[in-house]
Amino acid sequence: LVVDEETGAVVGVAPALLDHIVVDVDIPAGQTLVHEEDAEGIHTAIESNLCFPWAQVEKLTPWLDLCMADIKHMDPICHKEATGLDNHRVLENLQKLDALGIPTIIRTPVIPGFNASNDDAHGFAQLLLDFGIDNVQLLPFHQMGERKYEFLNRDYELTGVTALHPEDLAEYQKVFLNHGIDCFF
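So, here is what we can say about the structure in this document. (Residues numbered from 1 in each chain as written. Predicted model: local features only at pLDDT ≥ 70, side-chain atom pairs only at ≥ 80, totals over all residues. Heavy atoms only, no water.)

### Considering unusual backbone geometry
Argument step 1. Residue L50 is not a glycine yet carries a positive backbone phi of 55°.
Argument step 2. Along the chain, the position of L50 falls in the loop between strand 3 (45-48) and helix 1 (54-58).
Argument step 3. One non-glycine residue with positive phi stands out, namely N153, at about 55°.
Argument step 4. Along the chain, N153 turns up in the loop between helix 5 (146-151) and helix 6 (170-178). (Helix = DSSP H or I, 4+ residues; strand = E, 2+ residues; numbered from the N terminus.)

Now the structure itself:
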């Protein structure tokens, strides 16, 4: 857990760890990190793949006013092949957050050979519409993760894959826009 002293941002807590960690934050006696009645102007958000059981995600909801959630692929089988988990739990958690009125921004990494075709974009758009989600942030593929894999001494399967840029995804973006989905980079 890190608290940025300049901005007050608290980062580094994964919902999957909430049952297993103790957070020690130096807060003056009689004060809390966020008082509900004093929370005006304090923005609380998570960025997650939401693959955790709802009970863990639910613990954050009293303070949560935005969820940025990753969906890597609309097809559960392809999602599982790439991540080790299908996307059912992610989608269930999205529905529950929506039922609580918590705004969500879907973030989709667009990766050549995995989910970068216009057919993939149509599938994503339909999935978002089915779940009542009206926005998506496209994250064009880049090679910044390669060094992380080197550091972890793991094989990086995307070595040599050309990075994408927003201009490369203009047609992909249009698919979402044509479905009435706010699509941005």
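### Topic: the packing of aromatic side chains
Within a pair of aromatic rings, the relevant descriptors are the distance that separates the centres and the angle that separates the planes.
Argument step 1. All told, the structure shown has two aromatic pairs when counted by the stated rule.
Argument step 2. Where Y172 meets F176, the ring centres are 5.8 Å apart and the plane angle is 50°; that geometry is what we call tilted. Of the two residues, Y172 and F176 are both situated in helix 6; the distance of four residues between them amounts to about one turn of the helix. As far as the burial class goes, Y172 and F176 line up, both buried. (Phe/Tyr/Trp six-rings, centres within 6.5 Å; stacked < 30°, edge-to-face > 60°. Buried < 20%, exposed > 50% of the residue type's maximum accessible area, 1.4 Å probe, protein only.)

### Let's talk about the pairing of strand 4 (residues 66-70)
Argument step 1. Taken across its five residues, strand 4 has four buried, putting it largely inside the fold.
Argument step 2. As paired strands, strand 3 and strand 4 are joined by four bridges and run parallel to one another. The partner of S48 across the bridge, within strand 4, is A69. (Pairing = 2+ DSSP bridges.)

### Overview of the sheet that holds strand 5 (residues 104-110)
Remark on secondary structure: sheet strands pair via backbone hydrogen bonds, oriented parallel or antiparallel.
Argument step 1. Pairing is parallel in the open sheet, where five strands are placed in the order 3-4-5-6-7. The open sheet is flanked by strand 3 and strand 7 (182-184), the only strands paired with a single partner. Along the sheet, successive strands turn relative to each other by an average axial angle of 20°, direction set aside. (Axes fitted to C-alpha atoms, helices over the stretch in contact; angles between N-to-C directions.)

### Considerations on the layout of surface pockets
Argument step 1. Put simply, the largest pocket is a space of about 1,300 Å³.
Argument step 2. What lines the largest pocket is a set of 30 residues, and nearest its centre among them are K72, P109, I111, Y149 and L158.
Argument step 3. Among the secondary structure elements, those contributing two or more residues to the lining of the largest pocket are strand 3, helix 2 (76-83), strand 5, strand 6 (135-140) and helix 5.
Argument step 4. Looking at the lining of the largest pocket element by element, the count peaks at four residues for helix 2. (1 Å grid on protein atoms, 1.4 Å probe; cavity = no way out; pocket = protein on both sides within 12 Å on 5 of 7 lines; lining within 4 Å. Points joined across faces, edges and corners; volume = space filled by probe spheres on them.)

### So, the nonpolar core
Argument step 1. Ranked by internal contacts, the top residues of the largest apolar core, which has 37 residues, are L50, L94 and F176.
Argument step 2. Put simply, the parts of the chain that give this core at least two residues each are helix 1, strand 4, helix 3 (88-99), strand 5, helix 4 (118-130), strand 6 and helix 6.
Argument step 3. The biggest single contributor to this core is helix 4, with five residues.
Argument step 4. What F176 contacts, discounting residues up to four positions off in sequence, is A121, F124, A125, L128, V136, L138, I181 and C183. (Core = buried A, V, L, I, M, F, W, Y, C linked by side-chain atoms within 4.5 Å. Contact = heavy atoms within 4.5 Å.)

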